[in-house]
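Letter by letter, the chains look like this.
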Amino acid sequence: MIYSIGEKVTYRSFGKTEIGIVKSYCDDPEYVFVVYHCDNNWTRYFDYTAARTALSDLSPGWL
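No experiment lies behind these values; they were computed from the predicted model shown.

### Some remarks on the overall build of the chain
1) Next: On a plain count of helices and strands, the chain comes out with zero helices and five strands.
2) Next: Here the C-alpha atoms of the chain give a radius of gyration of 11 Å, agreeing with the 11 Å that 2.2 N^0.38 yields for 63 residues.
3) Next: When the backbone C-alpha atoms are referred to their principal axes, the chain occupies close to 25 × 25 × 15 Å.
4) Next: By element, 52% of the accessible surface of the chain is carried by carbon and sulfur atoms, the whole surface being about 4100 Å².
5) Next: Here the chain holds 6 positive side-chain charges and 8 negative ones, and the gap between their average locations is 6 Å.

So this is what it looks like as structure tokens:
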């Protein structure tokens, strides 16, 4: 699945679930960069560091 910049996503892997927002695309089409922790300042997610995340670990929306 292809996600849009600014789209809300849920990460699920290794028994862990986290919400985040897609910040940017990666050179590898199997990954995107996602902001997970931004002090609950989600409207300014773009000011925070993102983590490279496999698309296979993401679901659309916040669950």
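### Some details on a nonpolar patch on the surface
1) Next: Together, I2, I5 and Y25 line one region of the surface with nonpolar side chains, adding up to about 360 Å² of accessible area.
2) Next: What makes I2 exposed here is its relative accessible area of 76%.

Cut-off values and rules
Residues numbered from 1 in each chain as written. Predicted model: local features only at pLDDT ≥ 70, side-chain atom pairs only at ≥ 80, totals over all residues. Heavy atoms only, no water. Helix = DSSP H or I, 4+ residues; strand = E, 2+ residues; numbered from the N terminus. Rg over C-alpha atoms; globule rule 2.2 N^0.38 Å. Areas by Shrake-Rupley, 256 points an atom, 1.4 Å probe, with all protein chains shown as cover. Lys, Arg positive; Asp, Glu negative; His and termini not counted. Charge placed at Lys NZ, Arg CZ, Asp CG, Glu CD. Patch = residues over 30% accessible without salt bridge, like charges linked within 9 Å, V, L, I, M, F, W, Y side chains within 5 Å. Salt bridge = Lys/Arg side-chain N within 4 Å of Asp/Glu carboxyl O. Buried < 20%, exposed > 50% of the residue type's maximum accessible area, 1.4 Å probe, protein only.

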